[in-house]
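# Reading the structure
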Amino acid sequence: MSTKDWIEKDYYATLGVQKSASSDEIKKSYRKRARESHPDHNPGDSGAEERFKDVSEAYAVLGDEAKRREYDEMRSLFGSGQFRRNARGPGGPGGQPFDVSDLFGGAAGGGDRRFGGAGFQDLFSSIFSGGGGAGGPARARGPAKGRDIETEVALDFGDAVRGVTLPLTLRAPGICDTCAGSGAKPGTSPVTCQVCHGAGVTTRNQGSFSFSEPCRNCQGVGTVVEEKCPECHGTGGVTKTRTLNVRFPAGVADGQRIRLNGRGEPGERGGPAGDLYVHVKVRPDELFGRTGDDLTLTVPITFPEAVLGTDLRVPTLDGTVTLRVPPGTPSGRVLRARGKGVVRRDGKAGDLLVTLDVVVPAGVSDEARAALEAFAEQTPPAAREHLDARVRRFS
């Protein structure tokens, strides 16, 4: 968009919101209007594409807090009438005369307090040249960065806990091998843009002001591909199959997203590549569960083992460990094997939490029944007095 648009276009009206609207209100209105005006939802409507562009342009400014602030300041300044010239001379009808010294506190460098004491040239070079500094020119945009891409990988439970390196095959955009990403036909190179002379921006004068914007001839890159690569047609990238070796760190969790810098879609004409995001799905294990950095395991024990106590030999992910079950252990008690869990980034490991499940047999032999009855006679009753007291109320 040109800087002139900031003066002439009312982006608030385009989005249908008030100037005092919050960021959430602006975003909500933009989504609604973008959906309503999208060309795919308006087949045969030649004006839908233009309306969609207007809505997108308005949100590009109002959706950015810094741009919105500059836009409001400039609209307020130009819309206040202070820049209208009085055709009949000072004192006559037609508005106040144009006087730069009155507006900015004098030519001696006083500056308008609304803009932090910045001078006339500082203010407008910042607004119209993209914030390039006092009097500084707008900078070239350069080759655009490639888009980020995403993929999903399923890991075995043990691999996720220990860490693993796996080959990952992608069918996605990559750098064109024919032109090495330059977009130019082999044997040729991009040439300096004759319109902007390699600056990537063009400047035009309008009255007392200079307006800078990205060069339309080279799209702000500064170079032009005269003879395009036959493989990528000048973009510098093609869709192809490629294989990457991806390292998944120890302890990676289900649902975690790993970012690989510069492994996404390549930028156009040699621009920096985007990033690759790998979403991790961890397959459940038949024995172990996981809670944070701790592994969990449920082990069944018999009633005599719970009563008399025993030594249990249980598996871990990389071996076995022996745990002591003390006499009189109730069902559901958790034993801890320290350091047998997930290894953390600091080198320390979580624990293995073993839950004991006392198994009650469905049937017993006559000898076992007789032994249990004898055991019951010698065992004190369970402490149920508080329950019996409540039961007696209804008796």
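Residues numbered from 1 in each chain as written. Predicted model: local features only at pLDDT ≥ 70, side-chain atom pairs only at ≥ 80, totals over all residues. Heavy atoms only, no water.

Going by this rule: UniProt positions are given in the numbering used here, feature names are shortened, and annotations may be inferred rather than shown by experiment.
Per an unreviewed UniProt entry, the protein chain carries the name Chaperone protein DnaJ and comes from Micromonospora haikouensis. According to UniProt, the comment filed for the protein chain under the heading Subcellular location (unreviewed entry) is "Cytoplasm".

### Describing the overall build of the protein chain
Operational definition: Strands are runs of DSSP state E lasting at least two residues, helices are runs of H or I lasting at least four, and both sets are numbered from the N terminus onward. In this analysis, two residues are considered to be in contact whenever any of their non-hydrogen atoms come within 4.5 Å of each other. Using the Shrake-Rupley algorithm and a 1.4 Å probe, accessible areas are obtained, with residue cover drawn only from the displayed protein chains.
Helix and strand counts for the protein chain come out as eleven helices and 15 strands. Taking the intrachain contacts of the protein chain between residues at least 6 apart in sequence as the baseline, contacts between residues at least 24 apart amount to 60%. Total accessible area on the protein chain is roughly 24400 Å²; 49% of this is exposed by carbon and sulfur atoms.

### With respect to the sheet that holds strand E15 (residues 352-358)
Note the cut-off: Two strands are counted as paired when DSSP detects at least two bridges linking them. Axes here refer to lines fitted to C-alpha atoms; in helices the fit is confined to the stretch in contact. Angles between the N-to-C directions go from 0 to 180 degrees.
With mixed pairing, four strands are arranged side by side in an open sheet as E10-E11-E15-E14. Looking at strand neighbours, the two that pair on one side only are strand E10 (289-291) and strand E14 (334-337), the edges of this open sheet. Direction aside, the axes of adjacent strands within the sheet are offset by 35° on average. Sheet topology places E14 next to E15; four bridges connect them, and they run antiparallel. Within E15, the residue paired with Val334 across the bridge is Thr355.

### Digging into the sheet that holds strand E1 (residues 149-155)
Ordered by their spatial adjacency, three strands build an open sheet running E1-E9-E8, and the pairing between neighbours is mixed. Where the open sheet ends on each side, the last strands, each with one partner, are E1 and strand E8 (257-260). On average, each strand axis in the sheet is inclined to that of its neighbour by 25°, with strand direction left out of account. In the sheet, E1 pairs with strand E9 (residues 276-282) via seven bridges, with the strands oriented parallel. When the bridges of E9 are listed, Leu155 appears paired with Val282.

### Points about unusual backbone geometry
For the record, the criterion: Type-normalised accessible area, obtained with a 1.4 Å probe on protein chains alone, sets the label of each residue: buried when under 20%, exposed when over 50%, and partly exposed for intermediate values.
The phi angle at His197 is positive, at roughly 60°, despite the residue not being glycine. When you line up the elements, His197 lands in the loop between strand E3 (191-192) and strand E4 (201-206). Relative accessible area serves as the criterion here: at 62%, His197 is assigned to the exposed category. Within the chain, His233 stands out as a residue other than glycine whose phi angle is a positive 60°. Locating His233 in the fold gives a position in the loop between strand E6 (223-224) and strand E7 (237-248). Residue classification places His233 among the exposed positions, given a relative accessible area of 57%.

### Some remarks on the UniProt feature "repeat: CXXCXGXG motif" (unreviewed entry) in the protein chain
Annotation from UniProt places "repeat: CXXCXGXG motif" (unreviewed entry) at residues 176-183, 193-200, 215-222 and 229-236. Helix makes up 0% of residues 193-200 and strand 0%. Its end C-alpha atoms lie 8 Å apart. Counting secondary structure, residues 215-222 comes out at 0% helix and 0% strand; the distance between its end C-alpha atoms is 8 Å.

### Concerning the nonpolar core
Here is the rule we go by: The term nonpolar core refers to a set of buried residues drawn from Ala, Val, Leu, Ile, Met, Phe, Trp, Tyr and Cys, joined through side-chain atoms within 4.5 Å. Residue ranges assigned to the domains are those given by an automatic or database domain assignment.
Ranked by internal contacts, the top residues of the largest apolar core, which has 38 residues, are Leu155, Phe248, Leu276, Val278, Val314, Leu352 and Val354. Taken domain by domain, the makeup of this core includes at least three residues from each of domain 2 (149-190 + 225-282) and domain 3 (285-394). With residues near it in sequence (within four places) discarded, Val278 still touches Thr151, Val153, Leu168, Phe248, Gln256, Arg257, Ile258 and Leu260. Among the nonpolar cores identified, the runner-up in size contains twelve residues, and Tyr12, Val17, Ile26 and Tyr71 belong to it.

### Structural notes on the packing of aromatic side chains
Rules: Working definition: rings of Phe, Tyr and Trp (its six-membered ring) pair if their centres are within 6.5 Å, and the pair is stacked with planes under 30 degrees apart, edge-to-face with planes over 60 apart, and tilted otherwise.
Summed over the entire model, instances satisfying the criterion amount to four aromatic pairs. Summarising the aromatic geometry, the rings of Tyr12 and Tyr71 are spaced 6.1 Å apart at their centres and angled 40° between planes, so their arrangement reads as tilted. Taken together, the residues Tyr12 in helix H2 (residues 11-15) and Tyr71 in helix H5 (residues 65-78) connect sequence positions 59 residues apart. In this structure, Tyr12 and Tyr71 share a single accessibility class: buried.

### Looking at the side chain of Arg68
So the rule is basically this: Two N or O atoms count as a polar contact when they lie within 3.5 Å, although within protein this holds only if one can serve as hydrogen donor and the other as acceptor, and sequence-adjacent residues are included solely when both atoms are side-chain atoms.
The residue Arg68 is located in helix H5 in this model. A distance of 2.9 Å separates a polar atom in the side chain of Arg68 from the backbone oxygen of Lys19. What Arg68 contacts, discounting residues up to four positions off in sequence, is Tyr12, Lys19, Ser20, Ala21, Ser22, Ser23, Ile26, Val61 and Leu62.

### Quick notes on the pattern of salt bridges
Keep this limit in mind: Any Lys or Arg side-chain nitrogen located within 4 Å of an Asp or Glu carboxyl oxygen qualifies as a salt bridge.
All told, the structure shown has eleven salt bridges when counted by the stated rule. When the shortest N-O distance is used, the salt bridge between Arg216 and Glu213 registers 4.0 Å. The exposed category is assigned to Arg216, whose relative accessible area is 68%. Among the ionic pairs, Arg344 bridges to Asp346, the shortest N-O distance being 3.8 Å.

### Regarding a nonpolar patch on the surface
Spelled out, the test is: Residues with no salt bridge and a relative accessible area higher than 30% make up the patches, which join like charges within 9 Å and nonpolar side chains (Val, Leu, Ile, Met, Phe, Trp, Tyr) within 5 Å.
A surface patch of nonpolar side chains, amounting to about 500 Å² of accessible area, comprises Phe303, Val307, Leu308, Val364, Leu372 and Phe375. Broken down by secondary-structure element, the contributors of at least two residues to the nonpolar patch are helix H9 (303-308) and helix H10 (366-377). Of the residues forming the nonpolar patch, the biggest block, three residues, is contributed by H9. Mapped onto the elements of the fold, Leu308 is located in helix H9.

### As for a positive patch on the surface
Under the convention used in this document: Positive charge is attributed to Lys and Arg, negative charge to Asp and Glu, and no charge count is given to His or to the chain ends. Lysine's charge is taken at NZ, arginine's at CZ, aspartate's at CG and glutamate's at CD.
Taken together, the side chains of Lys28, Lys32, Arg33 and Arg35 define a basic patch exposed on the protein surface. You can see Arg35 is positioned in helix H3 (residues 23-37).

### As for the confidence of the model for the protein chain
Low pLDDT means the predicted coordinates in that region are not meant to be read closely. Inclusion rule: Scored from 0 to 100, pLDDT reflects the predictor's confidence in each residue.
Per-residue confidence for the protein chain gives a mean pLDDT of 79; residues scoring 70 or more make up 79%. This model gives residues 80-138 a pLDDT under 50, and the stretch forms 80 contacts once residues within four places in sequence are excluded.

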